[in-house]
Amino acid sequence: MLPEPEKAYLKALVALQNKNYAAASGYFKIAENLVADNAEIRILAEATDTILAVHDEIAETENVTRN
């Protein structure tokens, strides 16, 4: 069996593949030790958080525009 952080990392990759950025971000947080120790994984986690923030901002802007 894989350790929990490695499982979370793999789940994050699947979530990214499915464009579920919120879930991926959560899984990256669970895999924080892997993220901290590996620059490539850290970049992926940070990029995911950025994408999630952009999606949230777009949704908020669309909400304001519609009202």
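A quick note: this is a predicted structure, and the numbers were derived from the prediction, not measured.

Parameters and conventions
Residues numbered from 1 in each chain as written. Predicted model: local features only at pLDDT ≥ 70, side-chain atom pairs only at ≥ 80, totals over all residues. Heavy atoms only, no water. Helix = DSSP H or I, 4+ residues; strand = E, 2+ residues; numbered from the N terminus. Buried < 20%, exposed > 50% of the residue type's maximum accessible area, 1.4 Å probe, protein only. Contact = heavy atoms within 4.5 Å. Core = buried A, V, L, I, M, F, W, Y, C linked by side-chain atoms within 4.5 Å. Salt bridge = Lys/Arg side-chain N within 4 Å of Asp/Glu carboxyl O.

(A) Broad picture of the environment of Ser25. Within the element layout of this structure, Ser25 appears in helix H2 (residues 21-30). Taking the relative accessible area as the measure of exposure, Ser25 reaches 6% and is therefore buried. Separated by 34 residues in sequence, Ser25 and Ala59 place their C-alpha atoms 18 Å apart. When neighbours within four sequence positions are excluded, Ser25 is seen to be in contact with Thr48, Asp49 and Leu52.

(B) Quick peek at the nonpolar core. Counting residues in hydrophobic clusters, the biggest one holds nine residues: Ala12, Ala15, Leu16, Tyr21, Ala24, Phe28, Val35, Ile41 and Ala45. Breaking this core down by element, the ones donating at least two residues are helix H1 (4-17), H2 and helix H4 (39-66). Beyond its immediate chain neighbours, meaning those up to four positions away, Ala24 contacts Ala12, Ala15, Leu16 and Thr48.

(C) Layout of the pattern of salt bridges. Using the criterion set out here, one finds two salt bridges in the structure. Its salt-bridge partner being Lys7, residue Glu4 comes within 4.0 Å of it at the nearest N-O pair. Here Glu4 and its partner Lys7 are both found in helix H1, three residues apart, which amounts to about one turn of the helix. With relative accessibility at 29%, the residue Lys7 sits in the partly exposed group. Among the ionic pairs, Lys29 bridges to Asp49, the shortest N-O distance being 3.7 Å. Here the residue Lys29 occupies a position in helix H2, and Asp49 occupies one in helix H4, the gap between them amounting to 20 residues.

(D) Broad picture of the environment of Asp37. Structurally, the position occupied by Asp37 is in helix H3 (residues 32-37). With a relative accessible area of 70%, Asp37 lands in the exposed category. Each C-alpha atom, one on Asp37 and one on Lys7, is 16 Å from the other, the two residues being 30 residues apart in sequence.

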